[in-house]
Amino acid sequence: SQVMFFNCVIVIACMCAYGAATEGKKAFRVLNLKGVLLRGALSTVVSFCNIVALPHVTLASFYTLIFTSPFWVAILAVPFLGEKLDARRMAVILLGFAVILFIFRPGGGIFNFYTPFVLASAFLYACSMIVMRRLGPKESRVSIIAIGSCVGLAVSAFFLPGNYITPTLYDWGLFTVMGVLGAIGVMSIAYAYHHAPSASIVAPYHYTQIIW
């Protein structure tokens, strides 16, 4: 809860500063509040699933399962966005996942009690990207991300009192780096899903995480 809470605080601060500096009041307009809140709720559940599961599965197993999300984006884009899933795009996604399996070789111990949390995270992340795409470029990215972080802030704050540990200066540094990098990453993803020709074109770039 503390990781989520401080991450959300810093992301909101980054979004407010960026929005005020680039677009002023226009950055904080909301055209589709229900859609923005839905995306925020999905992202909050994704964060919760990741935080719960990650200490209990190997990093190789975690990412092998997380990388199922491009499949879900491609599949969900057909009924919800009206996109066509052609053979070439599906081949790229399948090839990317085959490379993931070859590199990580997760082995037979990939499945345990926490595996469903990772699979749920991958699916719900894909759902949040579909919602992002449906919101479209007319919806302010600053508002989408800031309001989504407010949802996460409210949920994590509920659990915070019984789990609070006073952060050290080093912890504050980690919180800050995580929040700033997270804000930049989510802004980049939002821009891509708003402006790319289709969601299934953007989804395979998720695999570039294997480099980092």
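Residues numbered from 1 in each chain as written. Predicted model: local features only at pLDDT ≥ 70, side-chain atom pairs only at ≥ 80, totals over all residues. Heavy atoms only, no water.

### So, the overall build of the protein
Here comes step 1: Helix and strand counts for the protein stand at 9 helices and 0 strands.
Here comes step 2: Written out in order from the N terminus, the α and β elements of the protein read α-α-α-α-α-α-α-α-α.
Here comes step 3: Here the C-alpha radius of gyration of the protein, 18 Å, is about what a compact globule of 212 residues would show, namely 17 Å.
Here comes step 4: Burial analysis of the protein (212 residues in total) assigns 42% to the buried set.
Here comes step 5: About 11,400 Å² of surface is accessible on the protein, with carbon and sulfur atoms providing 73% of the total.
Here comes step 6: Between the centroid of the 13 positive side chains of the protein and the centroid of its 5 negative side chains there is a distance of 6 Å. (Helix = DSSP H or I, 4+ residues; strand = E, 2+ residues; numbered from the N terminus. Rg over C-alpha atoms; globule rule 2.2 N^0.38 Å. Buried < 20%, exposed > 50% of the residue type's maximum accessible area, 1.4 Å probe, protein only. Areas by Shrake-Rupley, 256 points an atom, 1.4 Å probe, with all protein chains shown as cover. Lys, Arg positive; Asp, Glu negative; His and termini not counted. Charge placed at Lys NZ, Arg CZ, Asp CG, Glu CD.)

### Focus: the pattern of salt bridges
Here comes step 1: Following the criterion strictly, the structure yields 2 salt bridges and no others.
Here comes step 2: Across the pair glutamate 83 and arginine 133 runs a salt bridge whose closest N-O atoms are separated by 3.7 Å. Here glutamate 83 is found in the loop between helix 4 (69-81) and helix 5 (87-104), whereas its partner arginine 133 is found in helix 6 (residues 115-135), with 50 residues between them in sequence. Of the two residues examined, glutamate 83 and arginine 133, each falls in the buried class.
Here comes step 3: With its nearest N and O atoms 3.6 Å apart, the salt bridge here joins aspartate 86 to arginine 89.
Here comes step 4: When its relative accessible area of 22% is taken as the criterion, arginine 89 is described as partly exposed. (Salt bridge = Lys/Arg side-chain N within 4 Å of Asp/Glu carboxyl O.)

### Points about the environment of leucine 33
Here comes step 1: Along the polypeptide, leucine 33 turns up in helix 2 (residues 33-53).
Here comes step 2: Considered as a pair, leucine 33 and threonine 168 are 135 residues apart in the sequence and their alpha carbons are 37 Å apart.

### With respect to the packing of helix 1 (residues 2-22) against helix 7 (residues 141-159)
Here comes step 1: Packing of helix 1 against helix 7 brings their axes to within 8 Å, and their N-to-C directions diverge by 155°. What the angle tells us is that helix 1 and helix 7 run roughly antiparallel. You can see that helix 1 and helix 7 cross each other, and the crossing is left-handed. Along its contact with helix 1, which presents Met4, Phe5, Cys8, Val9, Val11, Ile12, Met15, Tyr18 and Gly19, the element helix 7 presents Val142, Ile145, Ala146, Ser149, Cys150, Gly152, Leu153, Ser156 and Ala157.
Here comes step 2: Among the residues making up the contact of helix 1 with helix 7, the classes are represented as 14 nonpolar, 4 polar and no charged. (Axes fitted to C-alpha atoms, helices over the stretch in contact; angles between N-to-C directions. Parallel < 35°, antiparallel > 145°, perpendicular 65-115°, else oblique. Left-handed = near helix turned anticlockwise from the far one by under 90°. Contact = heavy atoms within 4.5 Å. Nonpolar A, V, L, I, M, F, W, Y, C, P; charged D, E, K, R; others polar.)

Function cannot be read off these values alone, since they describe shape.
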